[in-house]
Amino acid sequence: MSKYYKKKISEFDLEQGFNNLDSFEILDTGVEIDFDEFTSYFQSVANDDSVTAHDFNFSMLIYEAISKSKLDKKFTHDLRFWQWICLNKIKEYCLWRWKIDEEMPKKLNRFLGSGGVTGFSINSASRLYFPADGLLKEHDGESLLKDFWSLTQKELSISQSRLSINPKIFVALVKATKGLNTSETNKAIVKLNLLDSNTFLDLMDESEIISLIS
């Protein structure tokens, strides 16, 4: 059974490392989530130093696993659920992806996420899930998702923009920047941020937002 923590875990809670994980109370989500394909793929690439090259595949795999489980959507918006996944089901992946020494762990926010509107883009599991959740519903979703993960800085620029918290704007940003390099993507986001101060982006259609960016 998949779980979530009763209380959100903080970096202070893990200042002594991962040895006290069993002390944190967990609750059931009510569904099983099969991470076997994710784990199997991780094991097949674990010796590859090019960690960023696999973000697209991991994004697809974690989305498929959670989607198949029929998990209640309320849990995907609960950081305690993503913390449980990172600290239990995909812990080895997290250590590998961010080159973290388990004996002297740093970058704990990659297990825990962070506060603010872009906090889910920091947690290692939710950062993979949400882009797939937003893009794979589009008719060319797989192509859009592959382009999104094609450049690390591009992914960071889009995911960590506060505007991307709106799924419609996130999809519009990815579509409008498809094929662009990091610099061009940054310019598009800066342009949209400036327009946001005097334009009601939330009320606009996706096509209108794309036109503003392009």
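For clarity, every value in this text was computed on a predicted model and none was experimentally measured. (Residues numbered from 1 in each chain as written. Predicted model: local features only at pLDDT ≥ 70, side-chain atom pairs only at ≥ 80, totals over all residues. Heavy atoms only, no water.)

**So, the pattern of salt bridges**
Just so we agree on the cut-off: Put simply, a salt bridge is a Lys or Arg side-chain nitrogen that is within 4 Å of an Asp or Glu carboxyl oxygen. Secondary structure elements follow DSSP: runs of H or I of four or more residues count as helices, runs of E of two or more count as strands, with numbering from the N terminus. Working definition: with a 1.4 Å probe on protein chains only, accessible area under 20% of the residue-type maximum means buried, over 50% means exposed, and in between means partly exposed.
Counted under the stated rule, the structure contains 13 salt bridges. Between Asp28 and Lys3 there is a salt bridge, with the nearest N and O atoms lying 2.4 Å from each other. Here Asp28, found in strand 2 (residues 26-28), pairs with Lys3, found in strand 1 (residues 3-5); they are 25 residues apart in sequence, far enough to count as distant. By relative accessible area, which is 45% here, Asp28 ends up partly exposed.

**Considering a negative patch on the surface**
For clarity, the threshold we go by: Only residues whose relative accessible area exceeds 30% and that form no salt bridge are eligible for patches; like-charged ones are grouped when within 9 Å, while nonpolar side chains (Val, Leu, Ile, Met, Phe, Trp, Tyr) are grouped when within 5 Å. Methods summary: accessible areas were calculated by the Shrake-Rupley approach with a probe of 1.4 Å, and residue burial reflects only the protein chains presented. Within this scheme the basic residues Lys and Arg register as positive and the acidic residues Asp and Glu register as negative, but His and the chain ends are omitted. Charged groups are reduced to one reference atom each: NZ for lysine, CZ for arginine, CG for aspartic acid, CD for glutamic acid.
Where like charges cluster on the molecular surface, the negative patch consists of Glu32, Asp34, Asp36 and Glu37. Looking at the element boundaries, Asp36 is found in helix 1 (residues 36-45). The exposure class of Asp36 is exposed, given its relative accessible area of 56%.

**A word on the packing of helix 2 (residues 55-69) against helix 8 (residues 141-148)**
Basically, it comes down to this: Here the axes come from fitting lines to C-alpha atoms, over the contacting stretch only for helices, and the angles between their N-to-C directions go from 0 to 180 degrees. By definition in this entry, angles of less than 35 degrees are roughly parallel, angles greater than 145 are roughly antiparallel, angles of 65 to 115 are roughly perpendicular, and the rest are oblique. Crossings are classed by handedness, with left-handed meaning an anticlockwise turn of the near helix from the far one by less than a right angle and right-handed meaning a clockwise turn. Contacts are assigned to residue pairs that have any heavy atoms within 4.5 Å of one another. Think of it as three bins: nonpolar holds Ala, Val, Leu, Ile, Met, Phe, Trp, Tyr, Cys and Pro, charged holds Asp, Glu, Lys and Arg, and polar takes everything else, Gly as well.
Running from N to C, helix 2 and helix 8 point in directions that differ by 135°, and their axes come no closer than 9 Å. In terms of axis orientation, helix 2 runs oblique to helix 8. Judged by the twist between their axes, the crossing of helix 2 over helix 8 is right-handed. Residues Phe56, Ser59 and Met60 of helix 2 touch helix 8, and the partners they reach there are Glu142, Leu145 and Lys146. In the contact of helix 2 with helix 8, the residues fall into 3 nonpolar, 1 polar and 2 charged.

**Examining the domain arrangement of the protein**
Selection criterion: For the purposes of this description, domain bounds are those given by an automatic or database domain assignment. Buried area is calculated as the accessible area (1.4 Å probe) missing from two parts once they are joined, with the contributions of both summed. Under this definition, polar contacts are N or O atom pairs within 3.5 Å; protein pairs additionally need one hydrogen-donor-capable and one acceptor-capable atom, and for neighbouring residues in sequence, both atoms have to be side-chain atoms.
In terms of domain boundaries, the protein breaks down into domain 1 (1-137) and domain 2 (151-214). Facing 9 residues of domain 1, the contacting portion of domain 2 comprises 10 residues. Buried area between domain 1 and domain 2, summed over both chains or domains, comes out near 800 Å², and the portion from carbon and sulfur atoms is 65%. Taken together, the connections running from domain 1 to domain 2 amount to 1 salt bridge. Glu155 serves as the salt-bridge partner of Arg127, at 3.1 Å between the closest nitrogen and oxygen. Across the contact surface, domain 1 and domain 2 share 1 residue pair in polar contact (both at pLDDT 80 or more).

**Details of the side chain of Arg97**
Residue position: Arg97 is located in helix 5 (residues 91-97). Among residues more than four places away in sequence, those in contact with Arg97 are Val51, Thr52, Asp55 and Arg127.

**A short note on the state of the cysteines**
To be explicit about the condition: The disulfide definition used here is simple: a pair of cysteine sulfur atoms within 2.5 Å.
Taken as a whole, this structure holds 0 disulfides when the rule is applied. Free of any disulfide, Cys94 has its nearest neighbouring cysteine sulfur in Cys86, separated by 3.9 Å. Owing to a relative accessible area of 0%, Cys94 belongs among the buried residues under this scheme.

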